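Residues per chain, in single letters:
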Amino acid sequence: MSVTIENQINIYFKSRDKISREELLALIKKDFTNWTDNTINIYLSILQKKGIIHSLSRGMYALGKEETFQPHLNNKLVKIASIINKSFPFVEYCVWESAWLNDVMRHQTFKNFTIVEVEKIASEQVFNQLNNNFSNVFINPDEKTIERYIGALDNAIIIKNLNSEAPIQKWKNINVPTLEKILVDIIADEKLFSAQQGELEFIFKSAFDKYTINESKMKRYASRRNRVSEIKNQTNIITAK
């Protein structure tokens, strides 16, 4: 019976990239009229465990195994995270680098900078600590600082205030942003990510093609950063193509 539902699942997704839960339930009930909602839920769970389908966001399914964004953690990021974990064990933070975006860009950027996001209450202390261990450390730089100094440097460290409810995750025991957060940030922090502005459409399409993007999570964070319309515009462009 599981083989039958697996074959039908492929048919359901033949002409579409994603299907809402309600629509998927209706399609299954049409082909398996004697199945209860509980039976369908069991089979959907089995299909997800086998990697035949995956949940894009609450109430949406896509075909295939979930592809998780797994960024590279260089020695510098590991050292920064270690300093924060040791000196400020109760502070929320995340670390990443702009080079991660090369994975979803057409043209690779040569300048790379490290982003350290921490709770506002600890940003000054973290800045002082990192400034004792690294060179070219900046805290909440304004537009002029970005243009005059950071833009000319390679491997600068930029400390920013971590937005509340920002989607972060543990990767190899280090707090890093989710891909959903990164996509919102490159739009919200336009000056900092000026090198990516000409490729936003390509970046979003590549990200959606390569990885499983939780649109609900991305939209919630976009709301926190007042960028809902811009994110909606990018996702609409992807859907239209």
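Relevant structure appears above.
The model shown is predicted, which means the values in this text are computed figures rather than measured ones. (Residues numbered from 1 in each chain as written. Predicted model: local features only at pLDDT ≥ 70, side-chain atom pairs only at ≥ 80, totals over all residues. Heavy atoms only, no water.)

J.: Explain helix α4 (residues 75–87) residue by residue, including any values.
T.: The end-to-end C-alpha distance of α4, which contains 13 residues, comes to 18 Å, matching closely the 18 Å that a straight helix rising 1.5 Å per residue would cover. Burial in α4 covers these residues: L77, I80, A81, I83 and I84. Down the axis of α4, the sector holding all buried residues measures 155 degrees, keeping them to one side. Residues N75 and K86 are exposed on α4 and point more than 90 degrees away from its buried face. Looking at the buried side of α4, the elements it contacts are β4 (93–97), β5 (113–118), α5 (123–131), β7 (156–161) and β9 (174–177). Looking at where α4 begins, the residue whose side-chain oxygen comes 3.2 Å from the main-chain nitrogen of K76 is N74. (Helix = DSSP H or I, 4+ residues; strand = E, 2+ residues; numbered from the N terminus. Expected span 1.5 Å × (residues − 1). Buried < 20%, exposed > 50% of the residue type's maximum accessible area, 1.4 Å probe, protein only. Arc of directions from axis to C-beta. Contact = heavy atoms within 4.5 Å. Polar contact = N/O pair within 3.5 Å; in protein donor to acceptor, adjacent residues only side chain to side chain.)

J.: Report on the pairing of strand β8 (residues 168–171), specifying residues and quantitative values.
T.: Pairing between β8 and β9: four bridges, direction antiparallel. Its bridge partner being in β9, Q169 is matched across the sheet by V176. Remark: two residues form the turn of the hairpin made by β8 and β9, two consecutive strands paired antiparallel; K172 in that turn has positive phi of roughly 55 degrees. (Pairing = 2+ DSSP bridges.)

J.: I'd love a proper account of the side chain of T212, names of residues and values included.
T.: The topology assignment puts T212 in the loop between α8 (200–210) and α9 (215–224). If near-sequence neighbours (up to four positions away) are discounted, T212 is found in contact with H54, S55, L56, K65, E66, E67 and E180.

J.: I'd love a proper account of the sheet that holds β4, names of residues and values included.
T.: Taken together, the four strands give an open sheet; going across it, the order is β4-β5-β7-β6, and neighbouring strands pair in mixed fashion. Each having just a single partner strand, β4 and β6 (137–139) make up the two edges of the open sheet. Strand-to-strand twist across the sheet, computed as the mean angle between neighbouring axes with direction ignored, equals 20 degrees. Both β6 and β7 contribute to a ladder of three bridges, which runs parallel. For I139, the partnering residue across the bridge sits in β7 and is I159. Where α5 meets the sheet, its contacts fall on β5, β6 and β7, and the angle it forms with β6 comes to roughly 170 degrees. (Axes fitted to C-alpha atoms, helices over the stretch in contact; angles between N-to-C directions.)

J.: Could you give an account of the nonpolar core, naming the residues involved and the relevant values?
T.: Counting 57 residues, the largest nonpolar core has V116, L130 and I186 as its most contacted members. Looking at which element gives the most residues to this core, the answer is helix α7 (residues 179–188), with six residues. Every residue in contact with L130, bar those within four places of it in the chain, is listed here: I80, I83, V116, V137, I157 and I159. Core analysis: the next-biggest nonpolar cluster, separate from the first, contains 17 residues, I5, I19, L25 and L44 among them. (Core = buried A, V, L, I, M, F, W, Y, C linked by side-chain atoms within 4.5 Å.)

J.: So, the packing of aromatic side chains: which residues are in play, and what are the values?
T.: One pass over the structure, following the stated rule, counts seven aromatic pairs. Geometrically, the ring pair formed by W35 and Y43 is stacked, given 4.5 Å between the ring centres and 5 degrees between the ring planes. Each member of the pair, W35 as well as Y43, carries the same accessibility label: buried. Ring centres 5.6 Å apart and planes at 15 degrees place the aromatic pair W96 and F193 in the stacked group. (Phe/Tyr/Trp six-rings, centres within 6.5 Å; stacked < 30°, edge-to-face > 60°.)

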